[in-house]
Amino acid sequence: MTDRLSMDVDIVCVGFGPATAGFLTTLSKSPDLPPLQILCYERAEDIGFGVSGVVTRARGIRASLPDLDPAQIPMATPVAGEKLVYLRDPARARNAVELPYIPPFLCKHDGLVMSLGQFLQYAGGQIMATGAVQIWPGMPVESAIVEDGKVCGVRLKDQGVDRDGNPDAGYMPGMDVRAALTVVGDGPVGAVGRQLAERPPHEWAVGMKMVVDLPESNSLPAGTVLHTFGYPEPEIFGFLYVHPGNVASVGIFVPSWMQAPGRTSYEYLQYFMLHPYLWRYLKGGRLRSWGAKSLNESGRAGEPLLAADGFARIGEGSGSTNVLTGSGVDEAWTTGALLAEGVLDLIRDKKPFTRENLQAAYVARRRESWVESEARVAEHARDGFHYGMIPGLLGMALAGFTGGRLSFRSKPRPASDARPRAKQWPEIPYDGQLLVSHQDALLMGGKVQAPGGYADHVRFLDPDVCVRCGFKRCIQMCSGQAITAGDGPVPAFDREKCVHCGACLWNCPHGALAFQAGAGGLHSSEN
């Protein structure tokens, strides 16, 4: 058995998303940063793989990068026009209504349309060019090292093991990376973030998106932003963002409070694109890439512990997403920048990274920021959806127009209550270009990477629980058809199809599924 190696550093970061990018950008660009060893470990095979297209007001991003020129980033452009559209039944004579007014809290008119993957590659390049930080992609972190209630660093995933995690040829135990400060920014399904959380998020969504080469006949200019609601189910929100080069990001969000899903997220996305209002722009287009991720939709109401001895939490997993505005990237970036400012203060004052010091330097800063003030307005904005679609929309309006003083309040209902709606859906008219089967999408748009030498990251813990589970939501909601009916009662898992979205984790009502750290996933920087 090989001994486990250990390394001491000053700061170790888990996950390279917008929050960690904001943290490392602020830290690395500071003239006050002394020589430190700062490492960041990212699960995906490269920085920016497997994330999402986005429209963002980019206030925090621009504050950190005042000279930011969207023309330097592939697929980035200023917002040029914005519409809010109510999609109705396609069979109706008037199947869509463009609302004449967009509430101010939803507007992104002064923002940017971007591919988050391309933006993170741009930001990562700038960070590494400073020489102050090392970013290591393809290195999943298994867990935090906790000793006497203090986080002392992280343990990397064992390599050279079989799919059950047993030592195999080339076995190498994951290194222990010990650090004075561990920065947790691994998103809503990250292994370290969930390990250190007191409770799971009470609301989530599965986001699924395609990047599409639009037909030459497309009339939508770059920077166009369409927000939609009402179809293919009343609870599903959708979007279409137009990038430069006649390319669009098209996607939907399937929320946990949707009580009766009748199709997979992938099928819902195809029905969404086929709606006549959107299909007139998409018909004749071609799939470039696609992706999916789970989203923490709890926002401020589900905020976990932000800091303790030796660690601080930033980004989406810290409850930074604004559930009223549907905005998360700029908020996540800003939480990272705020932590970096606090860390620089502590370094300058030669103070250790204790809970008390991090609370004063980081958490207090965050409480005084625009992220916090806007999150408090949004905290209960979506509670009304637990009573139905109309109360949900009214609740958002009440919260938005009263600054959060009025809203509906409710406790979330468990997703296990959901059953499919009795509704007949037409067959998808596959065209081999944009409308393709789920299996073909796995081959065409954003290849799935599943490197050998690691254990399977999805494990079914108790066969008896799977026997008793009738409606297997883990299969129903799997974004890549990686979980299917097995030969027995336990579902089968094929990691060659897994996009690491984590939908299975949140949709198992029995807690009988483990979603562990793992390498690979989607291999595309456009998503």
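The structure presented is a predicted model; accordingly, all values stated were derived computationally and were not measured.

Q: Got a minute to help me understand the overall build of the protein in this structure?
A: When you go through the protein residue by residue, the secondary structure sums to 14 helices and 26 strands. What you see for the protein is a C-alpha radius of gyration of 22 Å, in line with the 24 Å of a compact globule of 527 residues. C-alpha extents for the protein along the principal axes are approximately 70 × 55 × 45 Å. When the 527 residues of the protein are sorted by exposure, 59% land in the buried category. Taken as two groups, the 50 positive and 55 negative side-chain charges of the protein have centres that lie 6 Å from each other.

Q: Help me understand the pairing of strand 3 (residues 53-56), please; the structure alone is not making it clear to me.
A: Successive residues of a regular strand alternate their side chains across the two faces of the sheet. Of the two faces of strand 3, the one carrying G53 and V55 and the one carrying V54 and T56 are both buried. Bridging between strand 3 and strand 7 (residues 112-115) involves four bridges; their strand directions are antiparallel. If you follow V54 over to strand 7, its bridge partner there is M114.

Q: How do you make sense of the sheet that holds strand 3 when you look at a structure like this?
A: Each strand in a sheet pairs with another by means of backbone hydrogen bonds, the pair being arranged parallel or else antiparallel. Within the open sheet, the three strands sit side by side as 3-7-4. Their pairing is antiparallel. Among the strands making up the open sheet, the edge pair consists of strand 3 and strand 4 (77-78). Helix 3 (residues 116-129) contacts strand 3 and strand 7 of the sheet and is inclined by roughly 85 degrees relative to strand 7.

Q: What is the right way to look at unusual backbone geometry in this model?
A: A negative phi angle characterises most non-glycine residues, just as the trans form characterises most peptide bonds. Cis geometry marks the peptide bond from Y231 to P232; its omega dihedral reads 10 degrees. By the secondary structure assignment, P232 is in the loop between strand 15 (224-229) and strand 16 (237-243). The phi dihedral of M75 falls on the positive side, at around 75 degrees, and the residue is not glycine. By the secondary structure assignment, M75 is in the loop between helix 2 (59-64) and strand 4.

Q: Explain the packing of aromatic side chains to me, please; I cannot follow it from the model alone.
A: Any two aromatic rings considered together are summarised by their centre-to-centre distance and by the angle between their planes. Applying the stated criterion to the full structure yields 14 aromatic pairs. Centroid distance F105 to F401: 5.6 Å. Interplanar angle 75 degrees. Geometry classified as edge-to-face. Of this pair, F105 sits in the loop between strand 6 (96-98) and strand 7 while F401 is found in helix 10 (residues 389-401), placing the two residues 296 residues apart along the sequence. Given the relative accessible area of 15%, F105 is considered buried. Seen from their ring centres, Y387 and F408 are 6.4 Å apart, and the 65 degrees between their planes marks the pair as edge-to-face. Of this pair, Y387 sits in the loop between helix 9 (370-378) and helix 10 while F408 sits in the loop between helix 10 and helix 11 (438-444), and the two are 21 residues apart along the sequence. Its relative accessible area of 52% is what places Y387 among the exposed residues. Every member of this aromatic cluster is reached through a ring pair, and the members are F119, Y122 and W333. Looking at R59, its charged tip hangs above the ring of W370, at a distance of 3.9 Å from the centre. The ring of Y277 has R280 lying over it, and the distance from NZ or CZ to the ring centre is 4.4 Å.

Q: So what exactly am I meant to see when it comes to helix 9 here?
A: Helical geometry note: an α-helix holds 3.6 residues per turn, so side chains three or four residues apart project in the same direction. Here helix 9 has its buried residues at V371, E372, A375 and A378. For helix 9, the angular spread of the buried residues around the axis is 125 degrees, confining them to a single face. Among the structural elements, helix 7 (329-348) and helix 8 (355-367) are those in contact with the buried residues of helix 9.

Q: Looking at this structure, I do not really get the packing of helix 1 (residues 18-28) against helix 3. What am I missing?
A: The relative placement of two packed helices comes down to the angle between their axes together with the axis-to-axis distance. Where helix 1 contacts helix 3, the two axes come as close as 10 Å, and the packing angle between them is 25 degrees. When the axis of helix 1 is compared with that of helix 3, the two are roughly parallel. When the axes of helix 1 and helix 3 are compared, the crossing they make is left-handed. In this structure, helix 1 uses P18, A21, L24, T25 and S28 to contact helix 3, whose residues at the interface are L116, L120, A123 and I127. For the contact of helix 1 with helix 3, a count of residues per class yields seven nonpolar, two polar and no charged.

Cut-offs used in this document
- Residues numbered from 1 in each chain as written.
- Predicted model: local features only at pLDDT ≥ 70, side-chain atom pairs only at ≥ 80, totals over all residues.
- Heavy atoms only, no water.
- Helix = DSSP H or I, 4+ residues; strand = E, 2+ residues; numbered from the N terminus.
- Rg over C-alpha atoms; globule rule 2.2 N^0.38 Å.
- Buried < 20%, exposed > 50% of the residue type's maximum accessible area, 1.4 Å probe, protein only.
- Lys, Arg positive; Asp, Glu negative; His and termini not counted.
- Charge placed at Lys NZ, Arg CZ, Asp CG, Glu CD.
- Pairing = 2+ DSSP bridges.
- Contact = heavy atoms within 4.5 Å.
- Axes fitted to C-alpha atoms, helices over the stretch in contact; angles between N-to-C directions.
- Phe/Tyr/Trp six-rings, centres within 6.5 Å; stacked < 30°, edge-to-face > 60°.
- Lys NZ or Arg CZ within 6 Å of the ring centre and 35° of its normal.
- Arc of directions from axis to C-beta.
- Parallel < 35°, antiparallel > 145°, perpendicular 65-115°, else oblique.
- Left-handed = near helix turned anticlockwise from the far one by under 90°.
- Nonpolar A, V, L, I, M, F, W, Y, C, P; charged D, E, K, R; others polar.

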